[in-house]
Amino acid sequence: MKKLLVVVDYQNDFVDGSLGFEKAPSLEEGICQKIDMYKKNHDEVIFTFDTHHENYLETQEGKHLPITHCIENSDGWQLYGKVKYAALGCRTFSKPTFGSMDLAI
């Protein structure tokens, strides 16, 4: 049976950026190992990107979490460290809010 690994929002802003936390960078190696394992087993790996635009602070989410983050195509929006290279050739999903209808389909 084929398996699926979903790497959720391991983006610069959530690791060492505006919403990062001290231990987040230490997750990188384990995430990369898990990705490698899934790829070696010919399982699928997909990545999600929290994705906002310049008007983030004017959105419903921005009014409740007034910290600009993950602005599309910014450095903070990019996947963190070696994980961004592990994502090459994999499916990605940009999501403007907590869920993703594209991922659900």
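Quick look at the structure, then. The written sequence of each chain sets the order in which its residues are numbered from 1. Thresholds applied to this predicted model are a pLDDT of at least 70 for local features of residues and 80 or more for the giving and counting of side-chain atom pairs; totals over whole chains, interfaces and linings are not thresholded and use all residues. Each side-chain value is derived from all of the structure's non-hydrogen atoms; neither hydrogens nor water enter the calculation.

Comments concerning the overall build of the protein
Looking only at helices and strands, one finds five helices and three strands in the protein. In this description a helix means any DSSP run of H or I spanning at least four residues, a strand means any run of E spanning at least two, and both kinds are numbered starting from the N terminus. When the helices and strands of the protein are read in sequence order from the N terminus, they spell out β-α-α-β-α-α-β-α. Over its C-alpha atoms the protein spans a radius of gyration of 14 Å, differing by no more than 12% from the 13 Å that the globule rule assigns to 105 residues. In terms of its C-alpha atoms, the protein occupies a principal-axis envelope of roughly 45 × 35 × 20 Å. Computation of the radius of gyration draws on C-alpha atoms alone. For the globule rule, the value is 2.2 Å times the number of residues to the power 0.38.

Details of the pattern of salt bridges
Close approach of charged atoms allows side chains of opposite charge to pair. Salt bridges are counted wherever a side-chain nitrogen of Lys or Arg sits within 4 Å of a carboxyl oxygen of Asp or Glu. Tallied over the entire structure, the rule returns three salt bridges. Close ionic contact of E29 with K82 constitutes a salt bridge, the shortest N to O distance being 2.8 Å. Of the two residues, E29 sits in helix α2 (residues 28-40) while K82 sits in the loop between α3 (60-64) and α4 (83-86), which places them 53 residues apart along the sequence. Relative accessibility thresholds used throughout: buried, under 20% of the residue-type maximum; exposed, over 50%; partly exposed, between the two (1.4 Å probe, protein chains only). When its relative accessible area of 44% is taken as the criterion, K82 is described as partly exposed. E44 is the salt-bridge partner of R91, the closest N and O atoms lying 3.2 Å from each other. With R91 in strand β3 (residues 91-95) and E44 in strand β2 (residues 44-50), the pair connects residues that are 47 residues apart, well separated along the chain. On the accessibility criterion, R91 (49% relative accessible area) is partly exposed.

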